[in-house]
Amino acid sequence: ALGPEQKDAVRAWFGAPARREYVPAPRLAPVRPSPAALQAFWDGCGPVARESGAFLKGRGIGPSAACRSVLFPYVSPPDFWPAGRSRVWRLVTPGYVILPDGRHEMANMHARAIVDPGERPKTLWAKGLPSSGVVMWNGVLPETACLIFVAEGVTDFWTACAEGLR
């Protein structure tokens, strides 16, 4: 049993204003999957499929090694590529970061919708992956080449690759 002093202490404790401190959850920077995981996703994509090819042809874009179709449905999609994306965003190209020593490393995937995405964007980077500092490369020019082509978007990049920047 509590004595009078202990009861007063308990009453005071419950009557005191709550002490709550807001501690925000730490914001974790996006972590890129390994280049090998991105390469495995890229390798799992197939050549441009019929409906994807029709999309490109309708825009006057010929075949390009820089563009592949995401297989639908993707059997076991990685975390950065939710399975539902493959229904709309079927064409993909890898994005690379340039390393301090001048080499490149696969760092992201960029996709284009081939059907009307509605209110959603026409193009998407892989889910949760940073796109800052990521560039697209056609995979053909040697790493030491000093040719830089600036394109507004992924569709323009594919056009340039198909038309001779290969």
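Keep in mind the model is a prediction, meaning the values are calculated, not measured. Each chain has its residues counted from 1, following the order in which its sequence is written. Only residues with pLDDT of at least 70 are given local features in this predicted model, and only at 80 or more are side-chain atom pairs given and counted; all residues enter the totals for whole chains, interfaces and linings. Each side-chain value is worked out from all heavy atoms of the structure, with water and hydrogens disregarded.

1. Some points on the nonpolar core
Defined as follows: Throughout this description, the term nonpolar core refers to a set of buried Ala, Val, Leu, Ile, Met, Phe, Trp, Tyr and Cys residues connected via side-chain atoms within 4.5 Å. Burial classification: accessible surface area is computed with a 1.4 Å probe over protein chains only, and a residue below 20% of its type maximum counts as buried, one above 50% as exposed, and the rest as partly exposed. Helix and strand assignments come from DSSP, with helices taken as H or I runs of at least 4 residues and strands as E runs of at least 2, each series counted from the N terminus. The criterion used for residue contact is that any of the two residues' heavy atoms lie within 4.5 Å.
Core analysis: the biggest nonpolar cluster contains 18 residues, and Phe 41, Phe 80, Trp 81, Val 92 and Met 109 have the highest contact counts within it. Among the elements of the structure, helix 2 (35-44), strand 2 (89-98) and strand 3 (104-113) are those that each provide at least two residues to this core. Considering every element that reaches this core, the biggest residue donor is strand 3, with four residues. Not counting the four nearest positions on each side in its chain, Trp 81 is found in contact with Phe 41, Val 70, Ser 86, Trp 89, Val 92, Met 109, Ala 111 and Ala 126.

2. Digging into the side chain of Arg 112
Condition: Positive charges are assigned to Lys and Arg, negative charges to Asp and Glu, while His and the chain termini are left out of the count. The term salt bridge refers to a side-chain nitrogen of Lys or Arg lying within 4 Å of a carboxyl oxygen of Asp or Glu.
Locating Arg 112 in the fold gives a position in strand 3. There is no salt bridge for the buried Arg 112, and the closest opposite charge comes from Asp 116, which lies 8.3 Å off by N-O distance. If sequence neighbours within four positions are ignored, Arg 112 has contacts with Phe 55, Arg 59, Val 88, Trp 89, Arg 90, Leu 91, Lys 122, Thr 123, Val 154, Thr 155 and Trp 158.

3. Comments concerning the environment of Leu 129
Assignment of secondary structure puts Leu 129 in the loop between strand 4 (123-125) and strand 5 (135-136). For the pair Leu 129 and Ala 29, spaced 100 residues apart in sequence, the C-alpha to C-alpha distance is 9.3 Å.

4. Some points on the packing of aromatic side chains
What counts here: Stacked, edge-to-face and tilted labels apply to pairs of Phe, Tyr and Trp rings (six-membered ring for Trp) whose centres lie within 6.5 Å, assigned for plane angles under 30 degrees, over 60, and everything in between, in that order.
With the rule as written, the count across this model stands at two aromatic pairs. Measuring from centroid to centroid gives 5.6 Å for Phe 41 and Phe 80, while their planes differ by 75°, and the two rings are edge-to-face. A residue pair is termed long-range when its members are at least 10 positions apart, and Phe 41 in helix 2 and Phe 80 in the loop between strand 1 (68-69) and strand 2 qualify at 39 residues. Across the pair, Phe 80 and Phe 41 agree in class, each one buried. A ring pair is formed by Phe 41 and Trp 81, whose centres lie 5.2 Å apart and whose planes are at 40°; its orientation type is tilted. Of this pair, Phe 41 sits in helix 2 while Trp 81 sits in the loop between strand 1 and strand 2; the two residues are 40 residues apart in sequence, bridging distant segments of the chain. Looking at Trp 81, the relative accessible area reads 0%, which means it is buried. Joined through ring pairs, the aromatic side chains of Phe 41, Phe 80 and Trp 81 make up one cluster.

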